[in-house]
Amino acid sequence: MSLEPTLKSIYPPMTKPEARSTLYRLIEAGQLAHKALLVPLLDRGLEAGDDAVIFVLHAELGASEAALAEHLGLEPEALQPRLARLIERDIVARQAIGPDLTEGLALTERGARIREVLAANWEQLEEALFADLEQKKRKGLSKALKRFVELLRLA
């Protein structure tokens, strides 16, 4: 018997993630949901992140490039090639907006149709997530996930 103190961790060493753990399944579900959300984008020759531009421009008709970049958390220079590609593909257009006729960005008819497809796909995935849960448990899950994300952002 040794007289040296032994340090015991309250957490056993984890050599690999447990495939049955809730966190593992949450990560797996997130990755698969992300892939599923990309399908309609890729089918239309778009790239990951284009959906964010489309949704913001739907919500903020006539956004300036600077406002769009800020909303997306991008530098204007990083947004420029994406916008050029979306304009070339007739998804986004530059147009005069408002009484001042200042230049802004807006979705074209094609862009609006693509947004509808993306939104429908999002809604289908969300409904699949909540299909087996009653309303009270849906709210509880949403609240728990929101809290978890906030905790991870603080880390």
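The shown structure was predicted, so the numbers you read here are calculated from the model rather than taken from an experiment.

Conventions we followed
- Residues numbered from 1 in each chain as written.
- Predicted model: local features only at pLDDT ≥ 70, side-chain atom pairs only at ≥ 80, totals over all residues.
- Heavy atoms only, no water.
- Axes fitted to C-alpha atoms, helices over the stretch in contact; angles between N-to-C directions.
- Helix = DSSP H or I, 4+ residues; strand = E, 2+ residues; numbered from the N terminus.
- Parallel < 35°, antiparallel > 145°, perpendicular 65-115°, else oblique.
- Contact = heavy atoms within 4.5 Å.
- Nonpolar A, V, L, I, M, F, W, Y, C, P; charged D, E, K, R; others polar.
- pLDDT = per-residue confidence, 0-100.
- Core = buried A, V, L, I, M, F, W, Y, C linked by side-chain atoms within 4.5 Å.
- Buried < 20%, exposed > 50% of the residue type's maximum accessible area, 1.4 Å probe, protein only.
- Pairing = 2+ DSSP bridges.
- Salt bridge = Lys/Arg side-chain N within 4 Å of Asp/Glu carboxyl O.

## Brief notes about the packing of helix α3 (residues 65-72) against helix α4 (residues 76-88)
Where α3 contacts α4, the two axes come as close as 9 Å, and the packing angle between them is 105°. Comparing the axis directions of α3 and α4 gives the class roughly perpendicular. Of the residues in α4, those in contact with Glu65, Leu68, Ala69 and Leu72 of α3 are Pro76, Leu79, Gln80 and Leu83. When grouped by side-chain class, the residues that make up the contact of α3 with α4 number six nonpolar, one polar and one charged.

## Overview of the confidence of the model for the chain
Chain-level pLDDT for the chain is 88 on average; 88% of the residues reach the 70-or-more range. Here strand β1 (residues 92-97) stands out as the least confident element of the chain, with mean pLDDT 88; helix α2 (residues 50-59) is the most confident, with 96.

## Some points on the nonpolar core
Within the largest apolar cluster, 19 residues are counted, with the highest numbers of intra-cluster contacts made by Leu57, Leu68 and Val92. Elements represented by at least two residues in this core include exactly α1 (22-43), α2, α3, α4, β2 (102-107) and α5 (109-130). Per-element accounting of this core gives the leading share, four residues, to α2. Ignoring any residue separated from it by four or fewer positions in sequence, one finds leucine 57 in contact with Ala63, Leu68, Val92, Leu105 and Leu107.

## Points about the pairing of β2
The pairing of β1 with β2 spans six bridges and is classified as antiparallel. Within β2, the position partnered with glutamine 95 by the bridge is glycine 104. Hairpin connection, β1 to β2: the antiparallel pair is bridged by four residues, and glycine 98 has positive phi, about 80°.

## Quick word on the pattern of salt bridges
Counted according to the given criterion, the structure contains six salt bridges. Here glutamate 103 and arginine 94 are joined by a salt bridge, their closest N and O atoms 3.8 Å apart. Given the relative accessible area of 56%, glutamate 103 is considered exposed. Note that arginine 138 and glutamate 127 form a salt bridge whose closest N and O atoms lie 3.3 Å from each other. Taken together, the positions of arginine 138 in helix α6 (residues 135-154) and glutamate 127 in helix α5 put the pair eleven residues apart, joining distant regions of the chain. For glutamate 127, a relative accessible area of 43% corresponds to the partly exposed category. Counted as one network, the salt bridges with shared partners bring together Glu47, Asp50, Arg82 and Arg85.

## Points about α2
Buried residues of α2: Asp50, Val53, Ile54, Val56 and Leu57, and no others. On the buried face of α2, the contacting elements are α1, α3, α4, β1, β2 and α5.

## What about unusual backbone geometry?
One non-glycine residue, aspartate 90, lies in the positive phi region at around 60°. As for its placement among the helices and strands, aspartate 90 is situated in the loop between α4 and β1. Note on aspartate 90: relative accessible area 44%, which makes it partly exposed.

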